[in-house]
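Descriptive structure summary
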Amino acid sequence: MRVVIAEDLFLLRDGLTRLLEAHGFEVTAAVETGEDLLTAVLADKPDVAIVDVRLPPTFTDEGLRAALAARRELPDLPVLVLSQYVEQLYARELLAGGSGGIGYLLKDRVLDGAQFADAVRRVASGGTAMDPEVVSRLLASNAGDSAVAALSPREREVLGLMAEGRSNWAIAQQLVITERAVAKHTASIFMRLGLQPSDDDNRRVLAVIAYLDR
Amino acid sequence: MSGTASPVAASASRRGLWPVARQSLAGLWHSLTFSALLLLGLGPVLAVVTAILWTWDEIMMLAGLRMGGPYLTSTGAGPVVVILCSLLYLRWLANLTRRLANRWCGTLVRQPYRPAPQQSGIRRQLRWLVTDPATWRDLLWLTVNAVAGTLLVVVPVAMVVYGIAFAVLPAVGVPVAHLPYVGIITAKGPGAGLIGLALIVAGLWLAPRLLPSYGSVARLLLGPTRGSELSVQVERLVRTRSDTIDAGAAELRRIERDLHDGAQARLVAMGMTLDAIDRQLDADPAVRALLAEAKDSSVKALSELRDLVRGIHPPVLADRGLVDAVRALALDSPLRVHIASELHGRPPAPVESAVYFAVSELLANASKHAGPCEAWIDFRHSGAMLRISVTDDGRGGADPEHGTGLRGIEKRLAAFDGVLAVSSPPGGPTLVNLEIPCELS
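Residues numbered from 1 in each chain as written. Chains lettered and ligands numbered in written order. Predicted model: local features only at pLDDT ≥ 70, side-chain atom pairs only at ≥ 80, totals over all residues.

1. Notes on the overall build of chain B
Of the regular secondary structure elements, chain B holds 12 helices and 5 strands. Taking as baseline every contact in chain B between residues at least 6 positions apart, the subset at least 24 positions apart corresponds to 74%. (Helix = DSSP H or I, 4+ residues; strand = E, 2+ residues; numbered from the N terminus. Contact = placed C-beta atoms within 7 Å.)

Given below as structure tokens:
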């Protein structure tokens, strides 16, 4: 799997490259600015681009804008945005296109290399990887929603993991329950929230996030 | 007042003749200098009068009221330049007088002027000069100086000059009567010599003794009044306060950058290294557990740093500005928040930050105390005033007298001369208005 990295700090660019290579990815380019990202993405046509939100020259949300611009140039280019902090506002902008292949994670998540590599693969194959912190804030801001409040604690746990973009299998692993039990929970959740059930993992994520993000 | 400056008469006999003579001569020299300044002071008065006549001439001409006769030729900018130059010259002269009075008259005459404008431009300079009351007091000084200065500094000098004339000129064969203003004195020969000597001694005696009084007069008109002192002080305080606030904001931004590129990046890098070790290590479970613990600690440290940064300088505020940062706040709030903005530009960073934290506090208050409700946030800017209203349809009953939250907001805004108005009758709705004077950029 071929990856382009945009990260301005050498320490992290280097670390990310090594981490990804250790997990079997091929890093075709590791660049420092949003502009270079566009060039590299157009030249290399990678399977996924990993982009830091804060890039030169403005050191604001340059990376986010570069990622969205890259997706306009190469539609459906999977993009994983990394940041030192996460905002629902940015998650919403990333997901606004309505298609998959979007990841938005705290940099903290690279500390668990295996899980991070898993998230990169998920995004590269058109799935979604939302940071647990975005999801928990999304759930917290829905505390007043009667349908969400009516869910059981277990169902809310499953809902959170679904919103992160995990598959039934991954949710089952995480909660140490069977996949069949997870399927039962998801069916119940979709019914209570009044959503159309879907077997497609990605469409399911988007539906859940869209519901929570109203 | 002039208490410090009677250095002369005290114990002349004890100190001998030379110091007394030296002081008298110094006094004479000082009086002579002030007399020269008095004459130099007539320049700007004449120039300003000329310029005014000039302008008047032009107005008359433009109005078609001036019928022939000699014109003072003028271009539009002429009078302005003359007035500007005269006023600058006047200021220079007044400052010179102040300096010399400080040195020679034993009085402290400080500058009363308002600080000069930051930007250049003739119009701005002129406005600065003309609107400062101290300029007009300087002009008044020129007039008063014509009388007080004549009595206090010109007279002693004149006495000495005429004394010398009476005592010396006849001796070299020039008739005294040729001097102006001396026709009244008819003494001749040794009589004139005696009068001359007496005038010299009297002039020398008077000169240093009149200088302190001259200094007092100068201070009265050239020194700051209570009002001008206060207004200068207020202007300085306003400037230093805004400098302090700006410096503080810049410092917070720097700290945030340093943490982002420094400590936070290093923690992430360290965590990645730990993960790499974990991957390559074939150690016993105890070692792996320690490694996991170390990784856990870096994750916690990262999360603590994140909270810290959020508290001092929210990144989304720096990235996107006030309105989007408040949008981000609204997304995190359990309330349904509607945001409307008519801002075209961004307020200064410190104001953005104060408003952000104020709105954050208000939203938190509403979700804590107002019960389930909706909120509306409205941003407007008009007439150099930023206005934000935060409304909710909750239970109401918020009281700024109690509750440290509203008090805290009030204090935050006060640093920018901003105000907070709360209307929250029991049963709601709660309406909070924030107003901060500022420009958008």
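2. A look at the overall build of chain A
Within chain A, the secondary structure is distributed over 11 helices and 6 strands. A globule of 214 residues ought to have a C-alpha radius of gyration of about 17 Å, and chain A, at 17 Å, matches this closely. Dimensions of chain A, computed from C-alpha atoms along their principal axes, come out at roughly 50 × 30 × 25 Å. Within chain A, buried positions represent 48% of all 214 residues. Excluding contacts between residues fewer than 6 apart, the proportion of contacts in chain A whose partners are at least 24 apart in sequence is 61%. (Rg over C-alpha atoms; globule rule 2.2 N^0.38 Å. Buried ≥ 20, exposed ≤ 12 C-beta atoms within 10 Å, placed from the backbone.)

3. Quick look at the interface of chain B and chain A
Between chain B and chain A, the contact holds 30 residues from the first and 26 residues from the second. Within the residue set of the side of chain B that touches chain A, elements represented by two or more residues are helix 7 (226-280), helix 8 (285-312), helix 9 (315-320) and helix 10 (322-332) of chain B. A per-element tally of the side of chain B that touches chain A places helix 7 of chain B first, with 12 residues. Across the side of chain B that touches chain A, the residue classes break down as 14 nonpolar, 5 polar and 11 charged. (Nonpolar A, V, L, I, M, F, W, Y, C, P; charged D, E, K, R; others polar.)

4. Quick notes on the nonpolar core
The biggest cluster of nonpolar side chains holds 106 residues, and the ones touching the most others in it are Leu37 of chain A together with Val359 of chain B. Here this core gets 9 residues from one element, more than from any other, and that element is helix 11 (residues 349-369) of chain B. Residues in contact with Val359 of chain B, not counting those within four places in the same chain, are Val326, Leu329, Ile377, Ile388 and Val390 of chain B. (Core = buried A, V, L, I, M, F, W, Y, C linked by C-beta atoms within 7 Å.)

5. Comments concerning unusual backbone geometry
Note: most residues except glycine have negative phi, and most peptide bonds are trans. Residue and element names in this part refer to chain A. The omega angle of the peptide bond from Pro56 to Pro57 is 5°, so this bond is cis rather than trans. Note that Pro57 resides in the loop between strand 3 (48-52) and helix 3 (62-73). One non-glycine residue, Val176, lies in the positive phi region at around 55°. Tracing the sequence through the fold places Val176 in the loop between helix 9 (168-175) and helix 10 (179-193). By the C-beta count within 10 Å, which is 6 here, Val176 ends up exposed.

6. Considering the domain arrangement of chain A
It is common to give the size of an interface as the accessible area lost on bringing the parts into contact. Residue and element names in this part refer to chain A. If you check the domain split of chain A, you get domain 1 (2-130) and domain 2 (135-212). Between the C-alpha centres of domain 1 and domain 2 there is a distance of 25 Å. Each side of the interface is counted separately: domain 1 has 10 residues, and domain 2 has 11 residues. Of all elements in the fold, only helix 4 (88-95) and strand 6 (128-130) reach the threshold of two or more residues within the side of domain 1 that touches domain 2. Top element by residues in the side of domain 1 that touches domain 2 is strand 6. It accounts for 3 residues. (Domains from an automatic or database assignment.)

7. A short note on the packing of helix 11 of chain B against helix 12 (residues 404-414) of chain B
Residue and element names in this part refer to chain B. Viewed as axis vectors pointing N to C, helix 11 and helix 12 meet at an angle of 170°, and their least axial separation amounts to 10 Å. What the angle tells us is that helix 11 and helix 12 run roughly antiparallel. Of helix 12, the residues touching helix 11 (which contributes Ala354, Phe357, Ala358, Glu361 and Asn365) are Gly405, Gly408, Ile409, Arg412 and Leu413. Along the lines of polarity and charge, the residues of the contact of helix 11 with helix 12 split into 5 nonpolar, 3 polar and 2 charged. (Axes fitted to C-alpha atoms, helices over the stretch in contact; angles between N-to-C directions. Parallel < 35°, antiparallel > 145°, perpendicular 65-115°, else oblique.)

8. What to know about the environment of Val86 of chain A
All names here are of chain A. Relative to the elements of secondary structure, Val86 occurs in the loop between strand 4 (79-83) and helix 4. Look at Val86 and you get buried, because 25 C-beta atoms sit within 10 Å. Separated by 47 residues in the primary sequence, Val86 and Glu133 place their C-alpha atoms 7.4 Å from one another. Those residues in contact with Val86, other than ones at most four positions away along the chain, are Tyr104, Leu106, Asp131, Glu133 and Val134.

9. Quick word on the sheet that holds strand 4 of chain A
Residue and element names in this part refer to chain A. Read from one edge of the open sheet, 6 strands run 2-1-3-4-5-6, paired in parallel fashion. Each end of this open sheet is capped by a strand with a single partner; those strands are strand 2 (26-31) and strand 6. Strand-to-strand twist across the sheet, computed as the mean angle between neighbouring axes with direction ignored, equals 20°. Relative to strand 2, strand 1 (residues 2-6) runs parallel, the two being bridged by 5 bridges. (Pairing = 2+ DSSP bridges.)

10. Description of the pairing of strand 5 (residues 430-437) of chain B
Both faces of the sheet carry side chains from a regular strand, because those side chains alternate between them. Residue and element names in this part refer to chain B. Burial along strand 5 is one-sided: Thr430, Val432, Leu434 and Ile436 are buried, and none of Leu431, Asn433, Glu435 and Pro437, which face the opposite way, are. As paired elements, strand 3 (residues 385-392) and strand 5 share 8 bridges and run antiparallel to each other. Bridge assignment links Leu386 to a residue of strand 5, and that residue is Ile436. From the end of strand 4 (residues 419-423) to the start of strand 5, which pair antiparallel, there are 6 residues, and Gly427 there has a positive phi angle of about 95°.

11. Remarks on the confidence of the model for chain B
When pLDDT is averaged along chain B, the result is 83, and 86% of the positions lie at 70 or above. Overall fold confidence (pTM) sits at 0.74, and the ipTM for the predicted complex is 0.91. (pLDDT = per-residue confidence, 0-100.)

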